[in-house]
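Single-letter residue listing:
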Amino acid sequence: MAESIVIIEDDESIREMLRYYFHSVGYEVACFESGEDYFEQGSDRKPSLYILDIMLPGMDGLEILRLIRADARLEETPVLMLTARTAEMDKVKGLESGADDYVVKPFGIMELQARVKALLRRTGRPRSESILTCGDLEIDPSAREVRKNGQLVELTYKEFELLRLLCAHRGVVLTRDDILQAVWDYDFAGETRTVDMHVKTLRQKLGEGYIQTVRGVGYKMA
C-alpha cells in the first residue's frame, strides 16, 4: 500500500504543485485549503505524514498540529511544517507543539521530498527495546517515554530521537552534521540550525546541565 500524505496549504499554486509532485512519485495525497476543511472532510484519515502550512486563514497550522497530537491515533505521525516566517520563536513554537521538522518558503521540491522520505524512514524503523539511563534520566524506547527523577517528560518524536542518540553516545562529542544525518537522515548545507533548535527545546524541557555545547564542534551528553 502506498504511503499517504495529508497537505494543508491555503496557497492553491503551492497546494496543487505538492499534490501533483508527490502523487507523481508514488504517494497517495489528500489536500485541504484550511484546517476547518480538513477536520470537516478528512480527519478520519490516518496518513503516513502531514505537511502543514503555519500561516493559514482561521485555524492556523500550530492549532491544527496541537489537535493532531491530541489524537491518540496520530500522536507519532510525523508532521512537517511549511512557513514563510523566519523568526526563531515561530519555529520553536512549532517544535514545542510536536512538529518533527520545518521548511521555510520558498523551498526546493527535491529538498522537501528528501525531508519527507527521511521522516517516513525514521518512523518506519523498528526501535530498540533497551532502556537507556543518563544520570536521573531514563529513556524507554519501547514505550517512547522519558522520565526525569521518575517524572514523565513530554517530548516530540524528534526530541526523543535526538535525546536517545546523545545518551547512547554519552560523553562523545557529536557534530551537528552527524546528528542531522542520524536523526533526520539528510544532510543539506546550512540546515544544522534544525539541530540547534531541537537542542534548545530539549534543554527547556530537561533543564540545563544535560546537553553540553562543544564550541565549534557540536554537542555531547554530560
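Residues numbered from 1 in each chain as written. Predicted model: local features only at pLDDT ≥ 70, side-chain atom pairs only at ≥ 80, totals over all residues. Heavy atoms only, no water.

Q: Tell me about the pairing of strand S4 (residues 79–83), residues and numbers included.
A: Along a regular strand, successive side chains alternate from one face of the sheet to the other. S4 sits mainly inside the fold: five of its five residues count as buried. On S4, burial covers both faces: Val 79, Met 81 and Thr 83 on one face and Leu 80 and Leu 82 on the other are all buried. Sheet topology places strand S3 (residues 49–53) next to S4; four bridges connect them, and they run parallel. Paired with Ile 51 across the bridge in S4 is Leu 80. Of the crossover connections in this fold, the one passing from S3 over helix H3 (residues 61–69) to the parallel S4 is right-handed. As paired strands, S4 and strand S5 (residues 101–104) are joined by four bridges and run parallel to one another. When the bridges of S5 are listed, Leu 80 appears paired with Asp 101. (Buried < 20%, exposed > 50% of the residue type's maximum accessible area, 1.4 Å probe, protein only. Helix = DSSP H or I, 4+ residues; strand = E, 2+ residues; numbered from the N terminus. Pairing = 2+ DSSP bridges. Right-handed = clockwise from strand over helix to strand, strands pointing away.)

Q: How would you sum up the packing of aromatic side chains? Please name residues and give values.
A: Considering all chains together, one arrives at five aromatic pairs under this definition. Taking the centre distance of 5.7 Å and the plane angle of 80° together, the rings of Phe 22 and Tyr 27 count as edge-to-face. Exposure remark for Tyr 27: the relative accessible area of 9% places this residue in the buried category. Aromatic pair Tyr 38 and Phe 39: ring centres 4.8 Å apart, planes at 70°, arrangement edge-to-face. Accessibility expressed as a relative area gives 1% for Tyr 38, which makes it buried. (Phe/Tyr/Trp six-rings, centres within 6.5 Å; stacked < 30°, edge-to-face > 60°.)

Q: Before we move on, can you summarise the side chain of Asp 53 with the specific residues and values?
A: Positionally, Asp 53 belongs in strand S3. A distance of 3.4 Å separates the side chain of Asp 53 from the side chain of Lys 105, its partner in a polar contact. (Polar contact = N/O pair within 3.5 Å; in protein donor to acceptor, adjacent residues only side chain to side chain.)

Q: Could you give me a rundown of the packing of helix H7 (residues 176–184) against helix H8 (residues 193–206), with the residues and numbers involved?
A: Interhelical geometry of H7 versus H8 gives an angle of 80° and a closest axis separation of 9 Å. Our classification of the angle between H7 and H8 gives roughly perpendicular. Between H7 and H8, the contacting residues are Arg 176, Ile 179, Leu 180 and Trp 184 on the first element and Thr 194, Val 195, Asp 196 and His 198 on the second. Taken together, the residues of the contact of H7 with H8 break down into four nonpolar, two polar and two charged. (Axes fitted to C-alpha atoms, helices over the stretch in contact; angles between N-to-C directions. Parallel < 35°, antiparallel > 145°, perpendicular 65-115°, else oblique. Contact = heavy atoms within 4.5 Å. Nonpolar A, V, L, I, M, F, W, Y, C, P; charged D, E, K, R; others polar.)

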